[in-house]
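Examination of the molecular architecture
Listed below, chain by chain, are the residues.
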Amino acid sequence: MWAWWPWPWQWLWREVAVAAAAWLCLHVAARLVEALWLRPRRLERHFARHGVGGPGYRFFFGSSIELVRLMVDAASRPAPADAPHDVLPRVLAFYHHWRKLYGPKFLIWFGTSPRLTISEPELIREVLLSRAEHFDRYVAPPLIRQFEGMGLSNLHGDEWARRRKLLTPAFHTENLKLLVPFIGETVQRMLEERVLSPAASSGGEVEVDVAEWYPRLPQEAITLATFGRNYAEGSAVFRLQDEHASHATEAHSKVFIPGYRFVPTRRNRRLWQLDREIKSTLAKFVVALQSRGGGGGDHHHHRRDEGRADDGLRDFMSFMAPAMTADEIVEECKNFFFAGKETLTSLLTWATVALAMHPEWQDRARREKYTIREE
């Protein structure tokens, strides 16, 4: 006589399951509406009440579409001949444009993340000196963090403080000065190989593409400063990072979609492969140096470094190895390799262009050089 009981219970469980699914869908929808629309609009109204305007929030994309359009438009036009060093309208076209419209304080949106932009010296001083505890550094998108490495530039809080304390002595002026003779020899060798020898053999002038030539100098210097030797291994990492950089740069011009980087698209699979190869190469390098007490490299570089042993140069590896794991060292090395190469290459290229535009600066530099020699 109890045969009919399972049927009502089965129907009841179906109703409960449907109700639970409906509640879950409503909950997810409510969270999405809150994250994608209500919260950004509340923040926008909050800043508007305090006199801070901006280009305005657009659903899901924020200010990204307009930002990308301004950057593409700036890059499509040549630099003005009357102000070639006025780089702000080109490298930060969106900031230059919006500052003229909204003043020194304005709010922009990277997707659903707001960024308060200020350029008033008094406010900057207030932030940096008296209210620094209320502000944190920029949090890069996951793809950028993967490329740059979880080193000093991307760490926060206690781990950042610990890592900074460990690495600060490596950047002491007295230690970095010991790199100067090596850099001078590297520049001289590169000049002889790529400029002086070809010019002597052809009996004329030699045209050099500095954008291709200059990356070699920071590559050699960074490899020496990080590991003390073995440029060949370092150059392999640089080649992989160059390709990774071309993909990572696109992340700045696209809206970040959570979880999309895990979708096995052709581009994502290549990024995964590049990241594995970079980490693997650096890990092998780190382990080899640790096992040999900091040694490594081919005979030529090994001999060169032995000759520099009396100079007292301490490479970054000697600061990192005692207190950091192999994985932490790899992440920090990714940071060194990318940041050092790009900044120094850009500086050298800009300096060369500036000297070419102003030959009188070259004459003044030569006179100063001869004066110092005589003294």
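Residues numbered from 1 in each chain as written. Predicted model: local features only at pLDDT ≥ 70, side-chain atom pairs only at ≥ 80, totals over all residues. Heavy atoms only, no water.

Notes on the layout of surface pockets
Selection criterion: The way it works is a 1 Å grid over only the protein atoms, where trapped points that fit a 1.4 Å probe form a cavity and open points with protein on both sides within 12 Å along at least five of seven lines form a pocket, and then any residue with an atom within 4 Å of a point lines it. Grid points are joined across faces, edges and corners, and a volume is the space filled by probe spheres set on the points. Put simply, DSSP H or I for four residues or longer makes a helix, DSSP E for two residues or longer makes a strand, and each gets a number counted from the N terminus. Here the term charged refers only to Asp, Glu, Lys and Arg, the term nonpolar to Ala, Val, Leu, Ile, Met, Phe, Trp, Tyr, Cys and Pro, and the term polar to all other amino acids, Gly among them.
If you add up the space inside the second largest pocket, you get close to 590 Å³. Elements supplying a minimum of two residues to the lining of the second largest pocket: α9 (180–202), α16 (326–357) and α17 (359–374). It is α16 that provides the largest number of residues to the lining of the second largest pocket, a total of four residues. Looking at side-chain class alone, the lining of the second largest pocket contains 10 nonpolar, two polar and one charged residues.

Topic: the pattern of salt bridges
Note the threshold: Within this document, salt bridges are pairs made up of a side-chain nitrogen of Lys or Arg and a carboxyl oxygen of Asp or Glu, the two lying within 4 Å of each other. Exposure is judged per residue with a 1.4 Å probe applied to protein chains only, and the accessible area is read against the type maximum: over 50% gives exposed, under 20% gives buried, and values in between give partly exposed.
Per the stated rule, a full pass over the model turns up 18 salt bridges. Between Glu220 and Arg189 there is a salt bridge, with the nearest N and O atoms lying 2.8 Å from each other. In this pair, Glu220 sits in helix α11 (residues 216–227) while Arg189 sits in helix α9, placing the two residues 31 residues apart along the sequence. Exposure remark for Arg189: the relative accessible area of 22% places this residue in the partly exposed category. Glu243 serves as the salt-bridge partner of Arg270, at 2.7 Å between the closest nitrogen and oxygen. Remark: Glu243 occurs in helix α12 (residues 231–248) and Arg270 occurs in helix α13 (residues 266–291); sequence separation between them is 27 residues.

Brief notes about the packing of helix α7 (residues 157–167) against α16
Put simply, the rule is: Orientation is described by lines fitted to C-alpha atoms, with helices fitted over the stretch in contact, and by angles between N-to-C directions that extend from 0 to 180 degrees. Throughout this description, any angle smaller than 35 degrees is read as roughly parallel, any larger than 145 degrees as roughly antiparallel, any in the 65 to 115 degree range as roughly perpendicular, and the remainder as oblique. Note on contacts: a residue pair is in contact if any heavy atoms of the two residues lie within 4.5 Å.
The interhelical angle for the contact between α7 and α16, taken along N-to-C directions, is 75 degrees, at an axis separation of 13 Å. The orientation of α7 relative to α16 falls into the category roughly perpendicular. Residues Glu159, Arg162, Arg163 and Leu167 of α7 pack against Glu328, Glu332 and Phe336 of α16. Class assignment for the residues of the contact of α7 with α16 results in two nonpolar, no polar and five charged.

What to know about the side chain of Asn154
Stated precisely, the cut-off is as follows: Under this definition, polar contacts are N or O atom pairs within 3.5 Å; protein pairs additionally need one hydrogen-donor-capable and one acceptor-capable atom, and for neighbouring residues in sequence, both atoms have to be side-chain atoms.
Looking at where Asn154 falls in the secondary structure, it is placed in the loop between α6 (142–148) and α7. Of note is the side chain of Asn154, whose polar atom sits 3.1 Å from the backbone oxygen of Gly149. Look past the residues within four positions of Asn154 in its chain and what remains in contact with it is Arg137, Ala140, Arg145, Glu148 and Gly149.

Quick word on the environment of Lys341
By secondary structure assignment, the location of Lys341 is in helix α16. C-alpha separation for the pair Lys341 and Tyr214, spaced 127 residues apart in sequence, amounts to 9.5 Å. What Lys341 contacts, discounting residues up to four positions off in sequence, is Pro215, Pro218, Gln219, Ile222, Phe238, Asp242 and Phe336. There is a polar contact of 2.7 Å between the side chain of Lys341 and the side chain of Asp242.

Overview of the pairing of strand β1 (residues 105–110)
Side-chain positions along a regular strand alternate between the two faces of the sheet. Short version of the rule: A pair of strands counts as paired when DSSP detects no fewer than two bridges linking them.
Inspection of the sheet shows β1 paired to strand β2 (residues 113–118) by six bridges, in the antiparallel sense. Looking across to β2, one finds that Phe106 is bridged to Thr117. Taken together, β1 and the strand that follows it, β2, pair antiparallel across an intervening segment of two residues, in which Gly111 is found at a positive phi of about 70 degrees.

Regarding the confidence of the model for the protein chain
Filter applied, for reference: pLDDT is a residue-level measure of predictor confidence that goes from 0 to 100.
Averaged over all residues, the pLDDT of the protein chain equals 81, while 85% of them reach at least 70. Mean pLDDT in the protein chain bottoms out at helix α14 (residues 299–307), which sits at 39, and peaks at helix α4 (residues 93–102), which reaches 94. Every residue in residues 294–310 is under pLDDT 50, and counting partners more than four places away or in other chains gives 25 contacts.

What to know about the packing of aromatic side chains
Condition: Any pair of Phe, Tyr and Trp rings, taking the six-membered ring for Trp, is counted once the centres come within 6.5 Å. Such a pair is stacked with planes under 30 degrees apart, edge-to-face with planes over 60 apart, and tilted for the rest. Note on geometry: a ring has a charge over it if NZ (lysine) or CZ (arginine) is within 6 Å of the ring centre and within 35 degrees of the ring normal.
In this structure the tally under the stated criterion is 10 aromatic pairs. An angle of 45 degrees between the planes, with centres 6.4 Å apart, marks the rings of Trp37 and Phe59 as tilted. Here Phe59 lies in the loop between α1 (6–49) and α2 (64–75) and Trp37 lies in helix α1, a separation of 22 residues in the sequence. With centroids separated by 5.9 Å and ring planes inclined at 65 degrees, the aromatic side chains of Phe171 and Phe336 adopt a geometry described as edge-to-face. Highlighted residues: Phe171 in the loop between α7 and α8 (173–177) and Phe336 in helix α16, separated in sequence by 165 residues. Taken together, the aromatic side chains of Trp37, Tyr57, Phe59 and Trp109 make up a single cluster linked through ring pairs. Above the ring of Phe110, the side-chain terminus of Arg115 is found at 4.5 Å from the ring centroid.

A few points about α2
Note: α-helices contain 3.6 residues per turn, so residues at a spacing of three or four share the same orientation. Filter applied, for reference: One less than the residue count of a helix, multiplied by 1.5 Å, gives the span that helix is expected to have. Note that the arc is computed from the directions linking the helix axis to the C-beta atoms.
Helix length check: α2 (12 residues) gives 16 Å between terminal C-alpha atoms against 16 Å at 1.5 Å per residue, within 8%. Those residues of α2 lying buried are Ser64, Leu67, Leu70 and Ala74. Within α2, the buried residues cover an arc of 130 degrees as seen down the axis, which keeps them to one side. Away from its buried face, by an angle of more than 90 degrees, α2 presents the exposed residues Ile65 and Val72.

Regarding empty space enclosed by the protein
Summed over all chains, the structure comprises two cavities of 30 Å³ or more. Taken as a whole, the second largest cavity encloses approximately 30 Å³ of empty space. Lining the second largest cavity, in full, are Phe147, Phe238, Gln241, Asp242, Ala245, Phe337, Phe338, Lys341 and Glu342. Taken together, the elements giving at least two residues each to the lining of the second largest cavity come down to α12 and α16. Of the residues assigned to the lining of the second largest cavity, the class counts are five nonpolar, one polar and three charged.

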